[in-house]
Amino acid sequence: VDAVMAQVRAVLGLSRKVLVLDLDNTLWGGIVGEDGVDGLRLGVTDPEGEPHVELQHYARALRDRGVVLAVCSKNNDADAREPFVRHPEMVLKLDDVAVFRANWQDKVTNLREIAAALDLGLDSFVFVDDNPTERAWVRSQLPEVLVPEVGADASRYLRILQRAYAFEALTLSDEDRLRAADYAANARRAELQSRAGDLEEFLETLQMEATVAPVDAVNLGRATQLVNKSNQFNLTTRRYTEAQLLALAERGDHVVRTFRLRDRFADNGLIGVMIARDVGDGATLEIDSWLMSCRVLGRRMEEFMIGAMMEAALRRRLTRVVGRYIPTAKNGLVRELYPRLGFTPAAEAPRAEGETVWEYRLDLLPVLSNRFIRVA
């Protein structure tokens, strides 16, 4: 029955996304603050340490499938990190952990902070802890978190966790495999931003590089996927098949561009697509589609993208860029994007209910740019 329900949850997209692990007597045997790294029970040659190694192998396999790993431990931070660096039998490394919380706060507070750092709901969390009091406290305060009753016998931890069927998935894509790394990078960015004095200081430290490229055989699949699933940062929400997108890219009167973004923490991959059309009046490049992954919101990538289209217009000796916003139930996020970027109402008539039309005069205004992002 549990296995069937796991498949149902997978179909409904309700599989858990985050595995949060305690450390002492959970990820290893012993208490690192008292026993030291050398005194921990961990390793395949140690009967008491072998179950902890097996649990780490399982956690690492989940990470490779896109499940996010986090640590929540009552410990001194430096002590808690040391085994990940020094112990030869550690399977997990610090880079495998998206958020590391080792302090003396209660674990409910830490779990809430981990959820905030990852920008994920607590209903996507599974929490594993050997301490029955900690398990009961988390269940009482955060009922949405799944807390398996692993007991006190480390040899049963893995079997009990597997029987929870919390991480079942129907399919596994390359994007799924990269998800854990994305969440880890986002959490590190959030930590960096919290230390930065202001947003501009934070953006400076990211060392962002962007790539602009036409649609080709290599990126066509990802570009089409993004065109057809993006809803929030999507100005017109027009959908195209691979064949249609490729046909537009091959037309002389169209400009189709893909955008990639990387920073000091991670390569975010292909995160945006823009499609524009030379309308043939000798002046106007009209944006047909403009969409971007929400995972790079807040980094002013939109300025870089529109700047690339403005430069494309100038290369064609055009003097106006026109954009349309067609409202949907999900894209209110970009309702004010064009005016925020300096566009003004255009004379072109709306073609859809609620649509607004905007223009940017390149003969009067400079090309927009983002000084925080350089071209790779």
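See above for the structure.
Here we summarise the structure given alongside this text. Here the structure is a predicted model, which means the values were calculated and not measured.

1. Quick word on the overall build of the protein chain
- Along the backbone of the protein chain there are 13 helices and 12 strands.
- Projected onto its principal axes, the C-alpha positions of the protein chain cover 80 × 50 × 35 Å.
- Across the 376 residues of the protein chain, 49% fall into the buried class.
- Considering only contacts in the protein chain between residues 6 or more positions apart, those separated by 24 or more positions represent 67%.
- The averaged location of the 57 negative side-chain charges in the protein chain is 5 Å from the averaged location of its 49 positive side-chain charges.

2. Quick look at the packing of aromatic side chains
- Under the counting rule described, the total for this entry stands at seven aromatic pairs.
- Each ring, one from Phe84 and one from Phe100, has its centre 5.6 Å from the other, and the planes form 75°; the classification is edge-to-face. With Phe84 in helix 4 (residues 77-86) and Phe100 in strand 3 (residues 99-103), the pair connects residues that are 16 residues apart, well separated along the chain.
- Judged by relative accessible area, Phe84 falls into the buried class, the value being 3%.
- The class of Phe100 is buried, set by a relative accessible area of 10%.
- Judged by centre distance (4.8 Å) and plane angle (55°), the rings of Tyr338 and Phe343 are tilted.
- These aromatic residues form a ring-pair network of at least three members: Phe233, Trp290, Tyr338, Phe343 and Tyr360.

3. Considering the sheet that holds strand 6 (residues 254-262)
- In space, the eight strands of this open sheet follow the order 10-11-9-8-7-6-5-12, with mixed pairing throughout. Looking along the sheet, the strands with just one partner apiece sit at the ends: strand 10 (344-345) and strand 12 (373-375).
- In this sheet, strand 6 lies alongside strand 5 (residues 208-214) in antiparallel orientation, the contact comprising six bridges. Opposite Ala213, over in strand 6, you have Thr258 as the bridge partner.

4. Comments concerning the pairing of strand 5
- In this structure, strand 5 lies alongside strand 12, joined through three bridges in parallel fashion. For Ala210, the partnering residue across the bridge sits in strand 12 and is Val375.

5. Comments concerning the side chain of Ser289
- Take Ser289: it is sitting in strand 8 (residues 284-292).
- Using a relative accessible area of 2% as the deciding quantity, one classes Ser289 as buried.
- In this structure the side chain of Ser289 is engaged in a polar contact, spanning 2.7 Å, whose partner is the side chain of Asp288.
- Once residues within four sequence positions are removed from consideration, Ser289 is found in contact with Thr236, Arg238, Tyr240, Val273, Met274 and Ile275.

6. Focus on the sheet that holds strand 2 (residues 68-74)
- Taken in spatial order, the four strands make up an open sheet running 3-2-1-4, and their pairing is parallel. Pairing within the sheet leaves two strands with one partner each, and these edge strands are strand 3 and strand 4 (125-128). Each strand axis lies, on average, 15° off the axis of its neighbour in the sheet, ignoring direction.
- Looking at chain direction, strand 1 (residues 18-21) and strand 2 are connected through four bridges and run parallel.

7. Here's the deal with the nonpolar core
- Formed by 41 residues in total, the largest nonpolar core has its most connected members in Trp290, Met301, Ile306 and Phe343.
- The element that contributes the greatest number of residues to this core is helix 12 (residues 301-315), accounting for nine residues.
- Apart from residues no more than four positions distant in its own chain, Ile306 is found in contact with Met274, Ile287, Trp290, Val321, Leu341, Phe343 and Leu368.
- Leu23, Leu69, Ala102 and Ile160 belong to the second-largest nonpolar core, a separate cluster that totals 35 residues.

8. Considerations on the packing of helix 10 (residues 220-229) against helix 11 (residues 242-250)
- Contact pair helix 10 / helix 11: the axes reach a minimum separation of 9 Å and the direction vectors enclose 110°. In this view, helix 10 runs roughly perpendicular relative to helix 11, as classed from their interaxial angle. Within the contact between the two elements, helix 10 uses Leu220, Gly221, Ala223, Thr224 and Val227 and helix 11 uses Glu242, Leu245 and Leu246.
- Per-class residue counts for the contact of helix 10 with helix 11 are five nonpolar, two polar and one charged.

9. Some words on the layout of surface pockets
- Its boundaries defined by the atoms lining it, the largest pocket holds a volume of some 880 Å³.
- Lining the largest pocket we find 28 residues, and of these Asp119, Asn186, Ser293, Cys294 and Arg295 sit closest to its centre.
- Elements that contribute at least two residues to the lining of the largest pocket include exactly helix 5 (107-118), helix 8 (174-195), helix 9 (199-206) and helix 10.
- Sort the elements by how many residues they give to the lining of the largest pocket and helix 8 lands first, with eight residues.
- Of the residues contributing to the lining of the largest pocket, the split by class is 12 nonpolar, seven polar and nine charged.

10. Some remarks on the pairing of strand 6
- Pairing of strand 6 with strand 7 (residues 267-278), which is carried by eight bridges, proceeds in the antiparallel orientation. When the sheet's bridge partners are listed, Val256 is paired in strand 7 with Ile275.

Reading the values: the criteria
Residues numbered from 1 in each chain as written. Predicted model: local features only at pLDDT ≥ 70, side-chain atom pairs only at ≥ 80, totals over all residues. Heavy atoms only, no water. Helix = DSSP H or I, 4+ residues; strand = E, 2+ residues; numbered from the N terminus. Buried < 20%, exposed > 50% of the residue type's maximum accessible area, 1.4 Å probe, protein only. Contact = heavy atoms within 4.5 Å. Lys, Arg positive; Asp, Glu negative; His and termini not counted. Charge placed at Lys NZ, Arg CZ, Asp CG, Glu CD. Phe/Tyr/Trp six-rings, centres within 6.5 Å; stacked < 30°, edge-to-face > 60°. Pairing = 2+ DSSP bridges. Polar contact = N/O pair within 3.5 Å; in protein donor to acceptor, adjacent residues only side chain to side chain. Axes fitted to C-alpha atoms, helices over the stretch in contact; angles between N-to-C directions. Core = buried A, V, L, I, M, F, W, Y, C linked by side-chain atoms within 4.5 Å. Parallel < 35°, antiparallel > 145°, perpendicular 65-115°, else oblique. Nonpolar A, V, L, I, M, F, W, Y, C, P; charged D, E, K, R; others polar. 1 Å grid on protein atoms, 1.4 Å probe; cavity = no way out; pocket = protein on both sides within 12 Å on 5 of 7 lines; lining within 4 Å. Points joined across faces, edges and corners; volume = space filled by probe spheres on them.

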